[in-house]
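Chain and residue survey
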Amino acid sequence: MPQFTHLQNGVTLSAAPPSYFRGFTLIALKENREGDKEEDHAGTFQIIDEEETQFMSNCPVAVTESTPRRRTRIQVFWIAPPAGTGCVILKASIVQKRIIYFQDEGSLTKKLCEQDSTFDGVTDKPILDCCACGTAKYRLTFYGNWSEKTHPKDYPRRANHWSAIIGGSHSKNYVLWEYGGYASEGVKQVAELGSPVKMEEEIRQQSDEVLTVIKAKAQWPAWQPLNVRAAPSAEFSVDRTRHLMSFLTMMGPSPDWNVGLSAEDLCTKECGWVQKVVQDLIPWDAGTDSGVTYESPNKPTIPQEKIRPLTSLDHPQSPFYDPEGGSITQVARVVIERIARKGEQCNIVPDNVDDIVADLAPEEKDEDDTPETCIYSNWSPWSACSSSTCDKGKRMRQRMLKAQLDLSVPCPDTQDFQPCMGPGCSDEDGSTCTMSEWITWSPCSISCGAGMRSRERYVKQFPEDGSVCTLPTEETEKCTVNEECSPSSCLTTEWGEWDECSATCGMGMKKRHRMVKMSPADGSMCKAETSQAEKCMMPECHTIPCLLSLWSEWSDCSVTCGKGMRTRQRMLKSLAELGDCNEELEQVEKCMLPECPIDCELTEWSQWSECNKSCGKGHMIRTRMIQMEPQFGGAPCPETVQRKKCRIRKCLRNPSLQNLRWREARESRRSEQLREESDGDQFPGCRMRPWTAWSECTKLCGGGIQERYMTVKKRFKSSQFTSCKDKKEIRACNVHPC
């Protein structure tokens, strides 16, 4: 059975093989209308492929097949009616196999309402009151999938990143951001600058409505394998009144594009807490900047527009543009997992998840002083604590030295030790509480000078004797950003990750970058460096038979409009005697530019018509036909009718004498025509059939043409003439103005 798909403003009718359909009819009706009247129909269809689809001759608002044949898919565009029209029903009828019609069935009928068409894929979920008890602890993990491999068009290689994640768990009385709403100043600064400072300030001002502020570090570059860099994460809590969570992060560089969740409800209707949420994310536009590419110059949107999802038909220069209106490939995934619950629970349906959570793995040291000439394996997991009681002990981890590239530089130890306590014990004297690890410090509260930062942890297990846990769950400390602040100071992002080494063997260079988020207040140039470079050492070159340069930049598109190709190359840098290299040295991919302009095309001019007067002044005309209308800004069509004056002879003043002359001329032409029809010698070497009757005039007014033909009846074998051919005559008709 074929099914109906509404894709942004593209409408697709498709059947999964081996099914097919031969013909179809497609209409769009206002809800609860029968389609008997013209005003019952809603919106306007647009034909994409005239060989596949056309408007019905007896019902121009409907679309049908151009030719009956087996097909599995058709697509047209549909322009929605003005706001306030209400819901619209898209209905399809199909012809399948032998005169079997399917009509008004579920997969062939689709209901669209105004909110659906405005925010495709976004539903307005009603937020219900929460009946859950106690509190729940969650971990948010953000997986950025935006890379040159998944989104190759115009991918920004140098500065691609995700800004710091900012959000919170909150009540339904507070909205961080939402589709169809307007971005606050905090959302605007995240969307355009990647700065979470103002957004965090707005969240903390809603202290009665917010339980936890959610924060996680920025990612430079936007994507790296998980075995190279762990996905950023943050922990937060929810309770009965503040059971929603929202967050956002900027896709950088971009005009004002972000991803995130808005008012995700973690309370279930069974009065429990959601165990896990997995959501794929597509970018959305904050409505504050009108740029259409990743690196468009600043172009403020005035007046500010509403927040909306990006679509693949927004603009031909958009990196997500798809002329067929396909869905945008997801750029990130967020996973929200429940890791603990606290207090008495009252969920109706029992949970199948254990609430006792194991200790989180301790964070690795921020600084690694291992020389680059020492190549190690990864650290093993920590061993069990050497103490089985509440006395202090030690635990150990190991790694292997795989290569020492410079014997003059010593390599550090392969073992690492750390103090620990026996199982069930706490480092805190006199406490029987089990605490989680501290969450990483928040960003400094100000962007320049002295401020405060904080970090949090939570109670994983309360004392068995029911006493109160007195250990702190939050710490604050002073922090300083840009100690020597002045009007000429500028604000920069954190340094991004180091690029790959420029050499695949031997000595090379690597770079890292950061961006200027806020220029100096006095208008001067920012003096902070935005790039750093240092040497890097790779294994000896003789161990690598295939050494390649980095890929070059993509070439310009092979065409200036329409579909084309672009290429990039790399060079073989290793010597041939080191081994064969089978890696590709050139890559080719498709590129798409705006459609090419098509000029108007016309036929050749017809022959001049006979003079429209038998005497005195008259005129003759000639015409030509339009073969192709101009498209996409092509040259317009010139004139299609030309006139020129003609004069046969002076008209006689005596009407009777004039009529006599006119009858003589008519008889003369008639006798000449009869001689042509009967006398084969008029056309040497052949005998001709009589002239056909004149065809109907091509126009009712404004000057048309008529045609008649004389064909060869017989050719004489002895003839040596080559002028024995079919004849054609053209004359003007209906020359009076319309």
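Residues numbered from 1 in each chain as written. Predicted model: local features only at pLDDT ≥ 70, side-chain atom pairs only at ≥ 80, totals over all residues. Heavy atoms only, no water.

Focus on the overall build of the protein
A count of helical and extended segments in the protein gives four helices and 43 strands. Within the protein, the proportion of its 738 residues that are buried is 36%. Surface summary for the protein: the accessible area is close to 44,500 Å², and the carbon and sulfur share equals 50%. (Helix = DSSP H or I, 4+ residues; strand = E, 2+ residues; numbered from the N terminus. Buried < 20%, exposed > 50% of the residue type's maximum accessible area, 1.4 Å probe, protein only. Areas by Shrake-Rupley, 256 points an atom, 1.4 Å probe, with all protein chains shown as cover.)

What about the packing of helix α2 (residues 185-193) against helix α3 (residues 197-205)?
Orientation of α2 relative to α3, taken along the N-to-C sense of each, is 155°, at an axis distance of 7 Å. The angle between α2 and α3 falls in the class roughly antiparallel. Considering only the axes of α2 and α3, their crossing is left-handed. Within the contact between the two elements, α2 uses E185, G186, V187, Q189 and V190 and α3 uses K198, M199 and E202. Looking at the contact of α2 with α3 residue by residue, the class counts come to three nonpolar, two polar and three charged. (Axes fitted to C-alpha atoms, helices over the stretch in contact; angles between N-to-C directions. Parallel < 35°, antiparallel > 145°, perpendicular 65-115°, else oblique. Left-handed = near helix turned anticlockwise from the far one by under 90°. Contact = heavy atoms within 4.5 Å. Nonpolar A, V, L, I, M, F, W, Y, C, P; charged D, E, K, R; others polar.)

So, the state of the cysteines
Going through the model one piece at a time under the given rule, you end up with nine disulfides. Note on cysteine connectivity: C130 is disulfide-linked to C267, with sulfurs 2.2 Å apart. Measuring handedness by torsion sign, the sulfur bridge of C130 and C267 sits at about 85° and is right-handed. Residue C130 is found in the loop between α1 (114-118) and β11 (135-144), and its partner C267 is found in the loop between β17 (257-265) and β18 (276-281); the two are separated by 137 residues along the sequence. On the basis of relative accessible area, C267 is assigned to the buried category, the value being 13%. With its sulfur 1.9 Å from that of its partner, C557 forms a disulfide with C591. Every disulfide takes its handedness from the sign of the S-S torsion; for C557 and C591 that torsion is 85°, giving right-handed. Here C591 lies in strand β35 (residues 586-592) and C557 lies in the loop between β33 (531-537) and β34 (563-569), a separation of 34 residues in the sequence. (Disulfide = S-S within 2.5 Å.)

Side note on α3
Along an α-helix, residues three or four positions apart point the same way, because every turn accommodates 3.6 residues. Taken residue by residue, α3 has M199, E200, E202 and I203 as its buried positions. Taken down its axis, α3 places every buried residue within 160° of arc, on the same side. Along its buried surface, α3 packs onto β13 (165-170), α2, β14 (210-216) and β16 (244-252). (Arc of directions from axis to C-beta.)

Focus on the sheet that holds strand β21 (residues 332-342)
The four strands are arranged β15-β11-β21-β18 in an open sheet whose pairing can be described as antiparallel. Pairing within the sheet leaves two strands with one partner each, and these edge strands are β15 (233-238) and β18. Across the sheet, the mean angle separating the axes of adjacent strands is 20° when strand polarity is ignored. In this structure, β11 lies alongside β21, joined through 10 bridges in antiparallel fashion. Among the inter-strand pairings, K137 is bridged to a residue of β21, identified as A340. (Pairing = 2+ DSSP bridges.)

So, the environment of G564
Within the secondary structure, G564 is located in strand β34. Expressed as a C-alpha distance, the spacing of G564 and L593, which sit 29 residues apart in the sequence, is 8.0 Å. Not counting chain neighbours up to four residues away, the residues in contact with G564 comprise C557, S558, V559, E589, K590 and C591.

Describing the environment of M525
Within the element layout of this structure, M525 appears in the loop between β32 (516-518) and β33. Judged by relative accessible area, M525 falls into the exposed class, the value being 70%. As for M525 and S489, which are separated by 36 residues in sequence, their C-alpha atoms are 9.3 Å apart.

Quick notes on the side chain of T623
In this structure, T623 sits in strand β37 (residues 617-623). A residue is classified by how much of its surface remains accessible, and T623, at 7% relative accessible area, is buried. Beyond its immediate stretch of four places on either side in the chain, T623 contacts E604, W605, S606, T640, V641, G703 and I705.

Quick notes on a positive patch on the surface
Taken together, the side chains of K617, K645, R647 and K650 make up a positively charged region of the molecular surface. Along the chain, K617 falls in strand β37. (Patch = residues over 30% accessible without salt bridge, like charges linked within 9 Å, V, L, I, M, F, W, Y side chains within 5 Å. Salt bridge = Lys/Arg side-chain N within 4 Å of Asp/Glu carboxyl O. Lys, Arg positive; Asp, Glu negative; His and termini not counted. Charge placed at Lys NZ, Arg CZ, Asp CG, Glu CD.)

What to know about the environment of P232
Here P232 lies in the loop between β14 and β15. In this structure, the C-alpha to C-alpha distance between P232 and K215, residues 17 residues apart in sequence, is 9.6 Å. Apart from residues no more than four positions distant in its own chain, P232 is found in contact with L140, T141, F142, A216, K217 and Q219.

Section: the pairing of β17
The sheet contact formed by β16 and β17 spans six bridges and is antiparallel. Residue M245 lies in a different strand from β17, and its bridge partner there is E264. In this structure, the hairpin formed by β16 and β17 is closed by a connection of four residues. Across two bridges, the pairing between β17 and strand β19 (residues 284-285) is antiparallel. The partner of W257 across the bridge, within β19, is D285.

Description of the pattern of salt bridges
Side chains that carry opposite charge are capable of pairing whenever their charged atoms lie near each other. In this structure the tally under the stated criterion is 21 salt bridges. For K198, the salt bridge is made with E201, and the minimal N-O distance between the two is 3.6 Å. One end of the pair is K198 and the other is E201, both in helix α3 and three residues apart, which spans about a single turn. Accessibility expressed as a relative area gives 39% for E201, which makes it partly exposed. Across the pair E589 and R566 runs a salt bridge whose closest N-O atoms are separated by 2.5 Å. Remark: R566 occurs in strand β34 and E589 occurs in strand β35; sequence separation between them is 23 residues. If you follow the salt bridges from partner to partner, you end up with E148, R157 and R568 in one network.

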